[in-house]
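Single-letter residue listing:
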Amino acid sequence: MKIKKLFLNLDDVANAALFLAVFIGIWQLVFVLGIWPKISLPSPATVAESFANIISNYTLFKGIGITLGRLVVGFFISIALGAAIGFAMIKFKGFGKTMSSFSAGLLSFPSIAWVPFSILLIGFNDAGILFVVIMSSVFSITISTYSSIRNIPPIYIDAAKNMGAKGLSLFLHATIPAATPSLIIGIRQGWSFAWHAIIGAEILMSIVGLGHILSVGREFQDMGQVIASMITIFTIGLLVDRLLLFKLEEKVRSRWGIE
Amino acid sequence: MTKLEAKNIEKYFDHDGQKLQALGGIDLKVNDGDFVCLVGPSGCGKSTFLRIVAGLDRPDNGEVLLDGKPVIETGPDRILVFQEGALFPWLKVIDNVEFGLKIAGIPKSERSEISKRYLDMMQLTRFAESYTYQLSTGMKQRVAIARALVLDPDVLLMDEPFAALDAQTRDLLLVEMQLIWERTKKTILFVTHNVAEATMLGNRVAVFTNRPSTIKKEIVIDYRRPRISEDENLSKYQQQILAELRPEVKANV
Ligand SMILES: Nc1ncnc2c1ncn2[C@@H]1O[C@H](COP(=O)(O)OP(=O)(O)O)[C@@H](O)[C@H]1O
Ligand SMILES: [Mg+2]
């Protein structure tokens, strides 16, 4: 079974490599045709050079470290806060109804639109960026907590009550695990909102981080650096979602017996 | 001595704004250590009745008395084996079986000892570490029974627990169930739509009418145990029950 998995992975890798080769080929072709001036669309080689550059002077790694650090802090605050609000919505029905429409509205609110508010309220600093990240992801956690718990098949709760669970033990041993598969989906969505938000916030209100590297590239008309940062952002987003969150979701789903 | 008494239990449900009366006044007295089977047309309210006795639902009228005291909530003295099994997919078989013990705060070593005994009895030992989606319907149902038995309740409420089993497993469990009952002297309320099953298990068989249901007739089965499914002598009881049941099932379709 292990071996089969390895082969599957090799297959995937081959596919990805092919896709990448074709992509870079087209890019190179467009470059050679000279449709855009070199400064607007550099060759893949120039971008690779920019990459080497920001890697060798550690700009990239520092940027990644700072961005991910902020993101993790903001996202965990979002989870804690979002879950707390979600539980309160379950507990207090009236609040739950009102809050769920309110949250739904805020869910589609563009994260960038929080930036001016945050700068004026909190400042042009780390806390301000965290605020944008939290506001952009907390409502997806809230809504998912609320709906996950509401949609638990009642039979699980009945069975747990029947065997003596109540109050906190009912919550911990039945409510939470029964809601987990659906909670994970909300967390994954919240993560993607947080990721969008932090890059946007860093472009506009940071002097460090991945978003900042991107905006420096723009200021110095260094398209090589812009594209290199974009590729980094793409890759990190992909890795976190596929290797971490998607795997987690798959694992939970198979454990819970959901196809 | 009366262990359990249902007095004029009525239950209504809301169906698209219309009131539907499921239970039309159930009266039932069950002695300590008795084995009573409940049969009736499908949809007449047997599950509803068991849920009320378990304390999971409240009746709209009447009351259930356990040892003379009104039932108002669930309790470890009455455990229901759900028709759907209702196992927890996030737990291994063994953790499903130990769930109630864990909730009751029983230490790990003691829990393992108890669960081992019942896993053994239900022939589940090999599957202790499996997750429930890996089990057949019959095995799931056995887990559900083991999960109830470990709690050693005074009253065992069983909602068609054998309905989804293959004939061989069912025959095995029908005998096993009688042995468990004789050994533990638990009070058992057992819902089934299988008349042969009812005559094998019950000291008494209560026949429900159609909705709004009441208990139409109680048939006493005073016959030696353990009873086996091939026993021809049970057929006269089966005929008696079927005679009561047939008009109800007809009215139902
Ligand atoms: N939670 C519920 N909400 C609405 N109607 C219900 C509910 N539970 C049961 N009923 C209705 O009550 C009747 C009796 O159901 P049930 O007790 O499951 O019957 P049985 O177990 O005898 O087949 C059915 O008509 C069913 O549709
Ligand atoms: Mg039923």
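We now turn to the structure provided with this report.

Cut-off values and rules
- Numbering of residues starts from 1 in every chain and runs along the sequence as written.
- Throughout, the order in which chains and ligands are written sets their labels, letters from A for the former and numbers from 1 for the latter.
- Given that the model is predicted, a residue must reach a pLDDT of at least 70 before its local features are reported, and side-chain atom pairs must reach 80 or more before they are shown or counted; all residues, however, enter totals for whole chains, interfaces and linings.
- For the side-chain quantities, the full set of heavy atoms in the structure was used; hydrogens and water were omitted.
- Going along the chain from the N terminus, every DSSP run of H or I of four or more residues is numbered as a helix, and every run of E of two or more is numbered as a strand.
- In what follows, residue pairs with any heavy atoms lying within 4.5 Å of each other are defined as contacts.
- Where accessible areas are quoted, they stem from the Shrake-Rupley method and a 1.4 Å probe; at the residue level, only the protein chains shown are allowed to cover.
- The charged-residue count follows a simple rule in which Lys and Arg add positive charge and Asp and Glu add negative charge, with His and chain termini not counted at all.
- Lys charges are placed at NZ, Arg charges at CZ, Asp charges at CG and Glu charges at CD.
- The rule is simple: take the accessible area with a 1.4 Å probe, protein chains only, and divide by the maximum for that residue type; under 20% is buried, over 50% is exposed, in between is partly exposed.
- Coordination here is defined by N, O and S atoms within 2.8 Å of the metal (3.2 Å for Na, K and Ca), and since water is not considered, a site can look incomplete.
- Between any two strands, pairing holds if DSSP finds at least two bridges.
- Axis lines are fitted to C-alpha atoms, over the contacting stretch for helices. Their N-to-C directions set the angle, which ranges from 0 to 180 degrees.

## Description of the overall build of chain A
- Helix and strand counts for chain A stand at ten helices and zero strands.
- Reading the helices (α) and strands (β) of chain A from amino to carboxyl end gives α-α-α-α-α-α-α-α-α-α.
- The principal-axis extent of the C-alpha atoms belonging to chain A is close to 70 × 55 × 30 Å.
- A sequence separation of at least 24 residues applies to 70% of the contacts in chain A between residues at least 6 apart.
- When the accessible surface of chain A is totalled, it reaches about 14,600 Å², and 72% of it is carbon and sulfur.
- Each charge class in chain A can be summarised by its mean position, and for the 19 positive and 12 negative side chains these summaries are 12 Å apart.

## A look at unusual backbone geometry
- Put simply, Arg211(B) and Pro212(B) share a cis peptide bond, and its omega is -15°.
- As for its position among the elements, Pro212(B) is in the loop between β9 (204–208) and β10 (215–220).
- In this structure, the amide linkage connecting Arg225(B) to the following residue, Pro226(B), adopts the cis form with an omega of -5°.
- Phi is positive for Gln221(A), which is not a glycine, with a value near 50°.
- Position of Gln221(A) relative to the elements: it lies in the loop between α9 (210–219) and α10 (223–255).
- Owing to a relative accessible area of 57%, Gln221(A) belongs among the exposed residues under this scheme.
- In this structure, Asn8(B) is a non-glycine residue whose phi angle is positive, near 50°.
- Within the secondary structure, Asn8(B) sits in strand β1 (residues 2–15).
- With a relative accessible area of 34%, Asn8(B) lands in the partly exposed category.

## Comments concerning the coordination of the magnesium ion (ligand 2)
All names here are of chain B.
- Around the magnesium ion (ligand 2), the protein contributes the donor atoms Ser47 (OG) and Gln83 (OE1), at 2.0 to 2.4 Å from the metal centre. Taken together, the residues Ser47 in helix α1 (residues 46–54) and Gln83 in the loop between β6 (78–81) and α2 (93–103) connect sequence positions 36 residues apart.
- Among the residues examined, Ser47 registers a relative accessible area of 25% and is labelled partly exposed.
- For Gln83, a relative accessible area of 35% translates into the label partly exposed.

## Let's talk about the sheet that holds strand β7 (residues 155–159) of chain B
Residues and elements named next belong to chain B.
- In space, the six strands of this open sheet follow the order β6-β7-β8-β3-β9-β10, with mixed pairing throughout. In this open sheet, the two edge strands, each paired with only one partner strand, are β6 and β10. Each neighbouring strand pair of the sheet contributes to a mean axis angle of 15°, computed without reference to strand direction.
- Here β9 runs beside β10; their pairing, made up of five bridges, is antiparallel.

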